[in-house]
Each structure stands twice: as structure tokens, then as C-alpha cells.
Amino acid sequence: MTKWILAAGAAALAIASPALADREGQGGGKGGGKGGQQSAKADRGGGKDRADRGGNARVAKADRGSDKKQSHAVRLSGSDDHGKNRGNAKVRDRDNNRVVVKSRDIDNRGSRFVRVDGDDRFDRRFAGNGWINDCPPGLAKKHNGCLPPGQAKKLVGTRWPDAYQRSFLPASYRNWYPDNDDYLYRVRDGYVYRIDRDRGLINGLFPMFDNDGDFYTVGQRYPLDYGFYNVPTQYQRYYADNNDYLYRYGDGGIYQVNRSNGLVEGIAALLAGDFGVGQRMPLGYDTYNVPLGYRDQYYDTADNMYRYNDGYIYRVDPTTQLITAVISALV
Amino acid sequence: MRNLTILTGLAATLILVAGCDRANKAADGNAPASAEAADAAGNSTIADGLAGNASDSKFVAAAKSVGLDKTLAGPGPYTVLVPSDAAFDKLPAGALDALMKPDSRAQLTGVLTYHILPGTILVADITKAIDNGKGKAVLATMGGATLTATKDGDKIVLADAAGTKAVITGVDDKRSNGVVHQIDAVLMPS
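Residues numbered from 1 in each chain as written. Chains lettered and ligands numbered in written order. Predicted model: local features only at pLDDT ≥ 70, side-chain atom pairs only at ≥ 80, totals over all residues. Heavy atoms only, no water.

Quick look at the packing of aromatic side chains now. All names here are of chain A. Summed over all chains, the structure comprises 21 aromatic pairs over all chains. When the centroid spacing of 6.3 Å and the interplanar angle of 65 degrees are considered together, the rings of Tyr 312 and Tyr 314 count as edge-to-face. The exposure class of Tyr 312 is buried, given its relative accessible area of 0%. Clustering of aromatic rings is evident, with ring pairs tying together Tyr 173, Trp 176, Tyr 177, Tyr 185, Phe 206, Phe 228 and Tyr 249. (Phe/Tyr/Trp six-rings, centres within 6.5 Å; stacked < 30°, edge-to-face > 60°. Buried < 20%, exposed > 50% of the residue type's maximum accessible area, 1.4 Å probe, protein only.)

So this is what it looks like as C-alpha cells:
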């Protein structure tokens, strides 16, 4: 009983939450969210965001489902992760202007922060080009990567620094956004960048784990401003943009967004977060959960156990609990 | 003769290419699903199954109000723990109504995603995990928090962080995108 009273109280508190109110009211919040549009021009850094003023802008066809020639979303043992991010599944937050990873390890899912990146050189390099060295307090609270939406949009169309060609995505994103013939995916300062491989220009970006573990809810504005079609590779064949809806990844899932107004209309799929080879299997995956269609092939033995998550089956060493292979298995 | 040699070489090349393709696919680790197992689950989704069960109407309505009906109709797979209407009726008066208000969507989404687990977990899988785990198994949920499963005789009991318990009363309703278990209480994430 007490819990439910608390729940009702929490609901009331949430209504009064400045961060949430800002997301909904201003369409800003996690990543700008003045949304409702993502024009071709905007995708190249041009164009004004007018959707928050009642616009009905459309997404350019060229940007829809644009991850052509996808590589296989499969990583077998021996990936280039080298265990650097063991135990870490999600980059979620910043700590003193440094990107951190929020752990999903065996102790407490989503509770431990570990720094994985924090090269000030990058900030200096982008000084005057939209980047800011220190996160303004208001933005820091919004967990949007510490970059004002307007500033972030200005980065689109600019050159990705050669010095950061190897600023690879963390293991938690690498299966979802593999480099392909058209685009490279890199991370800096809390954002995932899509970079035109031929021209070396930033094609789009979106804040990593932009909603700090919360879900976008029905009626809430999704921050379309500087994003691109970012549905994880393994789900793209299920969720292509159409005349009515856009599909976008945000923390916790793939969201169905009304094309005309940029508002979330539903959660198309829930996602728990990718895991990487060398990482320890998170808490809560002791129980065999492989989809029925794959059980004949992937069953636990003394040498290997198999667990499913977000479109992949993970092979796990039963002794060390370390992931030794990732197998594409979306049904 | 020369043509025969060329054709033979071409055939050999094609065989080699085909072989390489198979090898590459194997190396990629793409997992072919078993058609038999998929057939056993039928074409009906979790959303279809819940819509056809009158005792799940409150869960269905709640899921729809926060847009999770789309998830339950998607490819999944998920394991869904569905509190029956009777389970919702055990909540304090007004609690569900409060959660169903538009302003409480974030909280309701949190509650419902606490009842959705990654992958397909049959009751036998939970039972085995409990046995292997010396009496308990921790289950990840799509909401991020975990549930704890234990056994009470032949029954599987799920507990939330606050200790509220729910018994699995209807087991292994297999669907094309996962499986549904009925439970007799609503659980709350911490």
C-alpha cells in the first residue's frame, strides 16, 4: 500500500519536474527536441529549426533508412574491444566534462560510473565550432551530452577531425552501429556521430543514452533536431520510416514518432542495451532465455551458456561469466 | 577443349565462391532459427494473445496507454509477466487510476516494463536457474531493475525490490514473439 501511495506521489513529483517539463514544454531536454523535422538541409547543418513553432516539416527521403550496405551486425570472439569496457554496458552521463560509462555489471545494473574517455584536446579543437569546454549547469542536468541543440546542429556538415578517426564507439554500441561503406560511427563527448566516409563530414549525431535511463513517453517530443535514422542495425528491417511515422532509437527503446509533429506515439521495441565481447554478463541473465526458434542450436553446456538480448544471442563462459561471442539472432 | 577448360574453371570458381559464402555466413555467426520451434509458437503475437483474454484487460489497457502495445506486437522476443485483472484489483483504491492519467505515463511505463523481460523464458528455465542458484534466480527486466525468483513448493514466486511477491499462476503461453506468464500481483520497481 505504501509503495503505491509513493508511486502516486512520484507521479505528481514527476509532473513538477523541471527537466521533464522542459522536455515536454520546450521540446528540448535530451538533445534539443525542438523536433518535428529533420530536413535534408538540417542534416547538413543548414536550415532553421521551425518545427517547435508549429512546423510540419518532413524528413528528407534521403535520410530515411540511409544506412545502406550494412555490414553484418555480428561480432565473434576476438573483437577489437580487448576488454576495455568489461562490465560496462552504457555510457550515460558526464562527470566533469568527461564521458563516463554507467555499468551494468553483475552487482547493480546501471549504478557504477567508469570514465572511458575525456580528451580535452577534442574540445579545444572544436572551440569556436560549436563545442563548449564546460557544460552549462542547465544542460548538464538534462544529460544531453552538454551541447546546446543549436550548437550541435552546427556541427553537422563540419569535418570530423582526422585525429579522432579511432574514437570508436564503446562496446555497448558497436554492434548496433557498425561502420559500413557509407558511414563511420564514432563517439565524442557523449554523442554518437555518423560521419560520411567519403567526405569525412559529420552527417548527424545523437546524444548517447539521452534520457538518463527513463523512457520517452507517449506525447513527449522526441529530439529529432540533430539526429538521423538511428535505429540499431539489427532492427532496421522492422522499423523503417514511412509516410506517417519515424522510428528513432532513444534510451530504453525504439520509439515510433509522429512525422507531422515529432511526438512519440509509442514504444516500438524495448531495448536493454547491447553487450560486448569480453564484457561480463550483467546481473539478471542467469536464466536461459534464448528464443524458441534457436534453442535447438544454442543450449547451455558445461563449456558454454547462451543468453539473448536485443536481437543477439551471447555466448558466455559459465566459469568467468565473460561474453565470448555475439551471434545475430533476431527472430 | 579450351572452352571446356574455361567452363570447368568457371564452375570451380562458382563452387568456390558458393563455398566461401557459406563459410562467411558461418563465420558471421548468423543463427538460423528452427522452423519447427517457430511453428510451435504459432503466428499469434503476445499482443494478440492478451487481447483475446478477458482477464488481462487492465494490463492491456495500461500497455496501450503508454504505447507498449506496439512492443508487444513487434518482433520481440520478450517474456511478459501479466498481472491479471484480479491482481490489479488488489492494488490500493485509486492507485491504478492515478497511474493511468497522462501525467503519470513515465511511472506507468516503468511499472509495466518491470513486467517485461528480455528473451523467451519458460517456467522450466526459471526453475532450473533457481536450482542452479541455490534457491533463487535474479531476472533482468526491460525497465532496468531486477526481479528475484524463488520456489514455494511447485510454485514460482517472483519478488520485487520491496519484497512484494507474485506467484506465477498461468505458465508458458507461447507466442510468436515470446511467452506470457500470468501472475497474481502487480510488482513495483524500486
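Okay, back to it.
In this structure, Tyr173(A), Ile254(A) and Val80(B) are the most contacted members of the largest nonpolar core, which totals 76 residues. No other element matches the five residues that strand 9 (residues 264-270) of chain A contributes to this core. Once residues within four sequence positions are removed from consideration, Val80(B) is found in contact with Ile46(B), Phe59(B), Leu72(B), His115(B), Ile116(B), Val179(B), Val180(B) and His181(B). (Core = buried A, V, L, I, M, F, W, Y, C linked by side-chain atoms within 4.5 Å. Helix = DSSP H or I, 4+ residues; strand = E, 2+ residues; numbered from the N terminus. Contact = heavy atoms within 4.5 Å.)

The next point concerns the pattern of salt bridges. In the structure shown here, the tally under the stated rule is nine salt bridges over all chains. Residue Asp300(A) pairs with Arg307(A) through a salt bridge whose shortest N-O separation is 3.0 Å. With a relative accessible area of 2%, Arg307(A) lands in the buried category. One salt bridge in this structure joins Asp173(B) and Arg175(B), with 3.1 Å as the shortest N-O distance. Residue classification places Asp173(B) among the partly exposed positions, given a relative accessible area of 29%. (Salt bridge = Lys/Arg side-chain N within 4 Å of Asp/Glu carboxyl O.)

Two pairing modes exist for strands in a sheet, parallel and antiparallel, and in both the strands are linked by backbone hydrogen bonds. All names here are of chain B. In spatial order, the strands read 2-1-7-6-5-4-3; together these seven strands make up an open sheet with mixed pairing. The open sheet is flanked by strand 2 (116-118) and strand 3 (137-140), the only strands paired with a single partner. Pairs of neighbouring strands in the sheet enclose a mean axial angle of 35 degrees, with direction left out of account. Pairing analysis gives three bridges linking strand 5 (residues 155-159) to strand 6 (residues 165-175), with the strands arranged antiparallel. Opposite Val 157, over in strand 6, you have Val 167 as the bridge partner. (Pairing = 2+ DSSP bridges. Axes fitted to C-alpha atoms, helices over the stretch in contact; angles between N-to-C directions.)

Moving on, we come to unusual backbone geometry. Across the junction of Gly76(B) and Pro77(B), the peptide omega takes the value -5 degrees, indicating a cis bond. Checked against the element boundaries, Pro77(B) lands in the loop between helix 5 (69-73) and strand 1 (78-83). Residue Gln321(A) is not a glycine yet carries a positive backbone phi of 65 degrees. Note on placement: Gln321(A) falls in the loop between strand 11 (312-316) and strand 12 (323-328). Assessed through its relative accessible area of 18%, Gln321(A) is described here as buried.

For the rest of this paragraph, the subject is the pairing of strand 7 (residues 178-183) of chain B. All names here are of chain B. Within strand 7, six of the six residues are buried, leaving the element largely enclosed by the surrounding structure. Here strand 7 shows a buried face lined by Gly 178, Val 180 and Gln 182 and a second buried face lined by Val 179, His 181 and Ile 183. For strand 6 and strand 7, the ladder comprises five bridges, and the chain directions are antiparallel. Among the inter-strand pairings, Arg 175 is bridged to a residue of strand 7, identified as Gly 178.

A separate point is the environment of Lys151(B). Residue and element names in this part refer to chain B. Here Lys 151 lies in strand 4 (residues 146-152). Considered as a pair, Lys 151 and Ala 137 are 14 residues apart in the sequence and their alpha carbons are 9.7 Å apart. The contacts of Lys 151, once residues within four sequence positions are left out, are Thr 127, Ile 130, Asp 131, Gly 135 and Ile 156.

Further remarks concern the confidence of the model for chain A. The predicted model of chain A averages 64 in pLDDT, with 52% of residues at 70 or higher. Contacts from residues 5-144 of chain A, a stretch scored under 50 in pLDDT, to residues over four places away or in other chains number 346 contacts. (pLDDT = per-residue confidence, 0-100.)

Now for the pairing of strand 5 (residues 191-196) of chain A. All names here are of chain A. For strand 5, a buried count of six out of six residues is recorded, marking the element as mostly surrounded by other parts of the structure. Here strand 4 (residues 183-188) pairs with strand 5 via six bridges, running antiparallel. The residue of strand 5 that forms the bridge with Val 187 is Val 192. Taking the residues between adjacent antiparallel strands as the criterion, strand 4 and strand 5 are bridged by two residues, where Asp 189 takes a positive phi near 50 degrees. Alignment of strand 5 against strand 6 (residues 202-207), held across five bridges, turns out to be antiparallel.

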